[in-house]
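Fold and geometry: a report
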Amino acid sequence: MKKLFLCAALLFCAGLSQAQTQQQTDLERHWKKSMEKVRVMSYNILNGFNWGKDTEREERLVEWVRRHDPEILGLQELCGFTQEKLEQLAQRWGHPYAIIIKKEGYPVGITSKRPITLKHKMLENAGHGMLHVTTYGFDVLVTHLNPTNTRRRHSESQHIADYIRTHQLDKCILMGDMNSHSPFDADYLEAHSVNLKANYGGAGSPNLLNGQLDFSVISNYLAIPLIDACRLYVAPDSRTSYPTPILMGQSKHKEVRARHAERLDYIFVSPSLRRQVVDGFIFNGEETDYLSDHYPVAIDLLIDNEPEK
């Protein structure tokens, strides 16, 4: 009996030791204690949870954001939101700071774990608006471009690009729903997303450029230059950010949705931040299939909190 008890105790201790070792292995560390990993995320939340009526979806999305714990979160389609309502929502996922660009229409906004300083609200020539703030030492811009006309999107992206150049934002993060395709995705889209042009209305549609997919909108950002951060870490066949199967008209079969799958959501960074970006994600798995019609995108950056000497 004593031998059995001793064996059980040894096995328990071994299991505990293994669990502690695994916990230490899983704990992300840096050799400099002043280094911190900052997750920046962008999420189009689909009509502000149906203008606040879909509380069940809101609860599930809040829980998902809380689990993935971004330090900075850019939001699109804050329909029906006010500054006070956004602050209340942000507090639920642990962000004491929030700013919304406007109340009417399809506002963009941002929430953060650290204080936010408002720099500019661009309400014209930027789709549903462009919000410029500083937080965590970055210039952070959130936007949502026109969803129905590619020539307008081209003009809007040029306007935003000019703003970044004029203000010399060399530590810039630009994110949002661009409703546009990247030239880096062109080959994959042409080969696999074979229903896209028809979905966009075909020849003569204002959502196409002379009947073809338009890659010039995103190219305006790349020419600043900005870096398409998620592309560095996510393979072409995994870059879908729209649509999700939450839309009733979408097939539940991934291979069917793949025929018109596309990446519309982006995070761009200044070249000076390239070495700080250590990871990128497009969370297009089952756990986000029914939270919005868009999938969230994110990047992780390392920052040094040690004061400069």
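Here we summarise the structure given alongside this text. (Residues numbered from 1 in each chain as written. Predicted model: local features only at pLDDT ≥ 70, side-chain atom pairs only at ≥ 80, totals over all residues. Heavy atoms only, no water.)

**Some thoughts on the overall build of the chain**
The cut-off we apply is this: Note on conventions: DSSP H or I runs of at least 4 residues are helices, E runs of at least 2 residues are strands, and numbering of each starts at the N terminus. Between the two quantities, the radius of gyration covers C-alpha atoms and the globule rule is 2.2 Å times the number of residues to the power 0.38. Throughout, exposure labels follow a simple rule: accessible area from a 1.4 Å probe, protein chains only, divided by the maximum for the residue type, with under 20% read as buried, over 50% as exposed, and the rest as partly exposed. To measure how exposed things are, a 1.4 Å probe is used in the Shrake-Rupley method; for residues, cover is taken only from the protein chains shown.
Of regular secondary structure, the chain possesses nine helices and twelve strands. Taken against the 2.2 N^0.38 rule, which gives 19 Å for 309 residues, the C-alpha radius of gyration of the chain at 22 Å falls within 12% of a compact globule. The principal-axis extents of the C-alpha atoms in the chain amount to approximately 85 × 55 × 40 Å. By residue count, 49% of the 309 residues in the chain fall in the buried class. Total accessible area computed for the chain in this model is approximately 15,600 Å², and 52% of it derives from carbon and sulfur atoms.

**Observations regarding the side chain of Arg257**
Using the following cut-off: For the purpose of counting charges, residues Lys and Arg are taken to be positive, whereas Asp and Glu are taken to be negative. His and the chain ends are not included. Put simply, a salt bridge is a Lys or Arg side-chain nitrogen that is within 4 Å of an Asp or Glu carboxyl oxygen. Contact between two residues is taken to exist if any of their heavy atoms lie within 4.5 Å; hydrogens are not considered.
Topologically, Arg257 is positioned in helix α9 (residues 254–257). Asp289 provides the closest opposite charge to the buried, unpaired Arg257, separated from it by 4.5 Å. Not counting chain neighbours up to four residues away, the residues in contact with Arg257 comprise Pro243, Thr244, Pro245, Gln250, Ser251, Lys252, Asp289 and Tyr295.

**Comments concerning the pattern of salt bridges**
Under the definition given, this model contains 18 salt bridges. In this structure, Asp185 and Arg263 form a salt bridge, with 2.9 Å as the shortest nitrogen-oxygen distance. Taken together, the residues span a long stretch of sequence, with Asp185 in the loop between β8 (172–177) and α6 (186–192) and Arg263 in the loop between α9 and β10 (265–269) at a distance of 78 residues. Just as Asp185 is buried, Arg263 falls in that class too. Among the ionic contacts, a cluster of salt bridges with common partners joins Asp185, Asp228, Arg239 and Arg263.

**Notes on the pairing of strand β12 (residues 297–304)**
Note the cut-off: We call two strands paired when DSSP finds no fewer than two bridges between them.
A large share of β12 lies buried, amounting to six of its eight residues. Note: strand β1 (residues 35–44) against β12, eight bridges, orientation antiparallel. Bridge pairing in β12 places Val40 opposite Ile299. For strand β11 (residues 277–282) and β12, the ladder comprises five bridges, and the chain directions are antiparallel. Paired with Asp279 across the bridge in β12 is Asp300.

**Things to note about helix α4 (residues 83–92)**
Convention followed: Directions pointing from the helix axis toward each C-beta atom define the arc.
The complete set of buried residues in α4 reads Leu86, Leu89 and Ala90. The buried residues of α4 occupy one face: seen down the axis, they fall within an arc of 100°. Away from its buried face, by an angle of more than 90 degrees, α4 presents the exposed residues Glu84 and Gln91. Of the surrounding elements, those touching the buried residues of α4 are α2 (46–51), α3 (55–68), β2 (72–76), β3 (97–100) and β4 (109–112). Residue Gly94 follows α4 closely and has a positive phi angle near 90°.

**So, the sheet that holds strand β9 (residues 227–228)**
As a reminder of what qualifies: Whenever a helix is involved, its axis is fitted only over the stretch in contact; in every case the axis is a line through C-alpha atoms, and angles between N-to-C directions fall within 0 to 180 degrees.
Spatial ordering of the open sheet is given by β5-β6-β7-β8-β10-β9, a layout of six strands whose pairing is mixed. Bordering the open sheet on either side are β5 (117–122) and β9, each of which pairs with just one other strand. By the bridge criterion, six bridges tie strand β7 (residues 138–144) to β8 in an arrangement that is parallel. Across the sheet, Val140 pairs through a bridge with Ile173, a residue of β8. The strands touched by helix α5 (residues 150–166) within the sheet are β5, β6 (130–135), β7 and β8, with β5 carrying the most contacts at an inclination of about 145°.

**Focus on the environment of Lys33**
Mapped onto the elements of the fold, Lys33 is located in the loop between α1 (2–26) and β1. In this structure Lys33 comes out as exposed when scored by relative accessible area, which is 85%. Sequence spacing of Lys33 and Asp304 is 271 residues, and the spatial spacing of their C-alpha atoms is 8.9 Å.

**Some thoughts on the packing of aromatic side chains**
Quick note on the threshold: Centre distance within 6.5 Å is the pairing criterion for rings of Phe, Tyr and Trp, where only the six-membered ring of Trp is used; planes under 30 degrees apart are then read as stacked, over 60 as edge-to-face, and the remainder as tilted. Any Lys NZ or Arg CZ found within 6 Å of a ring centre and within 35 degrees of that ring's normal is scored as a charge over the ring.
Counting across every chain of the model gives six aromatic pairs. Between Tyr43 and Trp64, the ring centres sit 6.0 Å apart and the planes meet at 70°, which makes this aromatic pair edge-to-face. Here the residue Tyr43 occupies a position in strand β1, and Trp64 occupies one in helix α3, the gap between them amounting to 21 residues. For the pair shown, Tyr43 and Trp64 are each scored as buried. Feature note: the residues Tyr43, Trp64, Phe281 and Phe283 constitute an aromatic cluster, connected by ring pairs. The ring centre of Phe81 lies 4.5 Å from the NZ or CZ of Lys85, which sits over that ring. Positioned above the aromatic ring of Phe184, the side-chain terminus of Arg231 is 3.8 Å from the ring centre.

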